[in-house]
Amino acid sequence: MAPVFSQFQPDGERYRSLNLYLKKLFGEKVYKVTLNGGMTCPNRDGHIGTGGCIFCSAMGSGDFAGNASLSITEQLREGKDAIRKKRPVRKFIAYFQAFTNTYAPVDHLEKIFTEAINDPDVCALSIATRPDCLPPAVLELLGRLNRIKPVWVELGLQTVNSETARFIRRGYPTDVFDHAAHRLRMLGITVIVHVILFLPYETKEMMFHTIDHLNKLDIQGIKLQLLHILKGTDLAAVYEKTHFHVPDMEEYIELLGSCIAKLRPDIIVHTPWVSGAPGCSTDRREYAGHNKTCHSGGGGARQRHSGGLYPAGKARGADPAGAGRAAGQSPCPGSAAGNRDQPIGR
């Protein structure tokens, strides 16, 4: 049985949702436009490693980000136009998603981040990066930008358990993350943490340990993501050899609820549920390790997981410009492969 939440937020919600937070902050629904700054990653170019994190796609978890051959202005225009063809939207978050988005010369970072933040439709800047890629010059830049419009830095922690971190080839110890979060907060920058649930061989207690650790830090948001296995990744090769445990929908929902119940109540939950989950929508999608029946999150229809692996870049039926969900509306639960452009709130 899923846990019962003992506390309600003042607005009646059982946890602090990104949906409501952003509606209060900006007064309306906001959509993310995912961008590609043409970066790479120190875990790929040989500085730390060459294979990347074990779960990461060939596109650096930016399979639905913009086209790096286009300028940031052009990527924003394409993303906004695609969203506006579906619904009227006035405000957007510029989300630099692919690879490590502070791993470049600071003059290049200043150019692309300033180009994004100066767009009159952009109300905030969100930057996904590694905690070991925040040198003083980059922090100074982010601090300056944060005085123009809100800047969020999304740090890929995934787990605080050292054995798991080595297994997934994260490439840095947890104290590097702790120090980076502290330095960002000293500049008043919002810190959002990516955590992957059901990493191979992690127990429930190990996942709770990650939540307990984050509760002690000055973080503002969390993305709780179910492990996503993409074809062509080293993680997929491990799965095909070992068939490590992959949860069914009921197990995932129960664990997710327990994690949210354990969270410090002021932490904003960015990707909590299973909207668009494979096998739980009108579309059938292949989901690693599953051949189980589950209920649709919407109409209660029953679908079947087909038991395959996600083809890279096809995991959630992306449209050409990668636009479609509001920020705060979950993608398929648990993708380490990241979020497409998404609306906040419904």
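In what follows, the accompanying structure is described. Quick caveat, the model's predicted, so the values are computed rather than measured.

Let's shift gears to the overall build of the chain. What the chain contains, in helices and strands, is nine helices and 11 strands. Going through the 346 residues of the chain one by one, you find that 56% of them count as buried. Considering only contacts in the chain between residues 6 or more positions apart, those separated by 24 or more positions represent 75%. Accessible area for the chain stands at about 14,400 Å²; split by element, carbon and sulfur atoms hold 53% of it.

It is the contact of helix α2 (residues 72-84) with helix α3 (residues 106-117), at a shortest axis distance of 9 Å, that shows an interaxial angle of 35°. Our pair here, α2 against α3, has a crossing hand that is right-handed. Residues Ile72, Thr73 and Leu76 of α2 pack against Ile112, Glu115 and Ala116 of α3. Counted by class, the contact of α2 with α3 contains four nonpolar, one polar and one charged residues.

Here the focus is α3. In an α-helix there are 3.6 residues to a turn, and that puts residues three or four apart on one side. The end-to-end C-alpha distance of α3, which contains 12 residues, comes to 16 Å, matching closely the 16 Å that a straight helix rising 1.5 Å per residue would cover. For α3, every residue scored as buried is listed here: Leu109, Ile112, Phe113, Glu115, Ala116 and Ile117. The inward-facing, buried residues of α3 abut β2 (30-35), α2, β3 (91-96), β4 (122-129), α4 (136-146) and β5 (151-158).

Now for the pattern of salt bridges. Under the counting rule described, the total for this entry stands at 14 salt bridges. Glutamate 140 serves as the salt-bridge partner of arginine 144, at 2.8 Å between the closest nitrogen and oxygen. In this pair, arginine 144 and glutamate 140 are both assigned in helix α4, four residues apart and thus about one turn of the helix distant. Residue classification places glutamate 140 among the partly exposed positions, given a relative accessible area of 41%. The salt bridge involving arginine 169 is made with aspartate 234; its shortest N-O contact spans 2.7 Å. Of the two residues, arginine 169 sits in the loop between α5 (162-167) and α6 (174-186) while aspartate 234 sits in helix α8 (residues 234-242), which places them 65 residues apart along the sequence. The class for arginine 169 is partly exposed, based on a relative accessible area of 29%. With a relative accessible area of 37%, aspartate 234 lands in the partly exposed category. Connected through shared salt-bridge partners, Lys80, Arg84, Asp119 and Asp121 make up one network.

This part takes up the side chain of threonine 129. Of note, threonine 129 is situated in strand β4. A polar contact of 2.6 Å, which involves the side chain of threonine 129, links it to the side chain of threonine 102. Residues in contact with threonine 129, not counting those within four places in the same chain, are Thr100, Asn101, Thr102, Leu134, Val153, Glu154, Leu155 and Gly156.

Right, let's talk about the pairing of β3 for a bit. Of all six residues in β3, five are buried, a share of seventy percent or more. As defined by bridge partners, β2 adjoins β3 across six bridges and the pair is classed as parallel. Bridge pairing in β3 links tyrosine 31 to phenylalanine 92. Of the crossover connections in this fold, the one passing from β3 over α3 to the parallel β4 is right-handed.

Before going further, it helps to spend a moment on the environment of cysteine 259. Relative to the elements of secondary structure, cysteine 259 occurs in helix α9 (residues 249-262). On the accessibility criterion, cysteine 259 (0% relative accessible area) is buried. When the C-alpha positions of cysteine 259 and threonine 210 are compared, they lie 9.5 Å apart, and in sequence the two are 49 residues distant. When residues no more than four places from it in sequence are discounted, the contact partners of cysteine 259 are Leu197, Phe208, Ile211 and Leu224.

Take the packing of aromatic side chains next. Within a pair of aromatic rings, the relevant descriptors are the distance that separates the centres and the angle that separates the planes. This model, assessed by the stated rule, comprises four aromatic pairs. Aromatic side chains phenylalanine 96 and phenylalanine 113 sit 5.0 Å apart centroid to centroid with 70° between the ring planes, which places their arrangement in the edge-to-face category. On the criterion of sequence distance, the pair formed by phenylalanine 96 in strand β3 and phenylalanine 113 in helix α3 is long-range, its members being 17 residues apart. We note that phenylalanine 96, like phenylalanine 113, is buried. Their ring planes at 80° and their centres at 5.2 Å tell us that tyrosine 239 and phenylalanine 244 sit as a pair that is edge-to-face. Each member of the pair, tyrosine 239 as well as phenylalanine 244, is classed as buried. Positioned above the aromatic ring of tyrosine 172, the side-chain terminus of arginine 170 is 4.3 Å from the ring centre. Looking at lysine 262, its charged tip hangs above the ring of phenylalanine 208, at a distance of 4.6 Å from the centre.

It is worth spelling out the environment of leucine 145 at this point. Structurally, the position occupied by leucine 145 is in helix α4. Leucine 145 gets classed as buried once you look at its relative accessible area, which sits at 3%. Residues leucine 145 and leucine 125, spaced 20 residues apart in sequence, show a C-alpha to C-alpha distance of 8.8 Å. In this structure leucine 145 touches Phe113, Thr114, Ile117, Leu125 and Val151, once residues within four positions along its chain are discounted.

What follows covers the packing of α3 against α4. Remark: α3 packs on α4, axes separated minimally by 10 Å, with the N-to-C direction vectors making an angle of 15°. Put simply, α3 runs roughly parallel to α4. For α3 against α4, the interelement crossing comes out right-handed. Within the contact between the two elements, α3 uses Val106, Leu109, Glu110, Phe113, Thr114 and Ile117 and α4 uses Ala137, Val138, Leu141, Leu142, Arg144 and Leu145. Taken together, the residues of the contact of α3 with α4 break down into nine nonpolar, one polar and two charged.

The rules behind these values
Within each chain, residues carry numbers counting from 1 in the order of the written sequence. Residue-level local features of this predicted model are given only where pLDDT is at least 70; pairs of side-chain atoms are given and counted only at 80 or more, and the full residue set underlies all totals for whole chains, interfaces and linings. Water and hydrogen atoms play no part in the side-chain values, which are based on all heavy atoms of the structure. Strands are runs of DSSP state E lasting at least two residues, helices are runs of H or I lasting at least four, and both sets are numbered from the N terminus onward. Only protein chains enter the area calculation, which uses a 1.4 Å probe; residues under 20% of their type maximum are buried, those over 50% are exposed, and those in between are partly exposed. In what follows, residue pairs with any heavy atoms lying within 4.5 Å of each other are defined as contacts. Working definition of accessibility: Shrake-Rupley area with a 1.4 Å probe, residue cover restricted to the visible protein chains. Inter-axis angles, ranging from 0 to 180 degrees, are taken between N-to-C directions of lines fitted to C-alpha atoms, where helices are fitted over the stretch in contact. Handedness of each helix crossing follows the sense of rotation of the near helix against the far helix: counterclockwise by less than a right angle gives left-handed, clockwise gives right-handed. Gly is placed with the polar residues, together with every amino acid not listed as nonpolar (Ala, Val, Leu, Ile, Met, Phe, Trp, Tyr, Cys and Pro) or charged (Asp, Glu, Lys and Arg). Helices are assigned an expected span. That span is 1.5 Å times one less than the residue count. Throughout this description, the term salt bridge denotes a Lys or Arg side-chain nitrogen within 4 Å of a carboxyl oxygen of Asp or Glu. Think of a polar contact as two N or O atoms within 3.5 Å of one another; within protein, one of them needs to be a possible hydrogen donor and the other a possible acceptor, and neighboring residues in sequence only count if both atoms come from side chains. Here, a strand pair is defined by DSSP locating no fewer than two bridges between the strands. Note on handedness: a clockwise path from strand one over the helix to strand two, with the strands aimed away from the viewer, defines a right-handed crossover. When two rings of Phe, Tyr or Trp (its six-membered ring) have centres within 6.5 Å they constitute a pair, described as stacked for plane angles under 30 degrees, edge-to-face for angles over 60, and tilted for the intermediate range. Any Lys NZ or Arg CZ that is within 6 Å of a ring centre and within 35 degrees of that ring's normal is treated as a charge sitting over the ring. For classification, angles of less than 35 degrees are called roughly parallel, those exceeding 145 degrees roughly antiparallel, those between 65 and 115 degrees roughly perpendicular, and all remaining angles oblique.

Function cannot be read off these values alone, since they describe shape.
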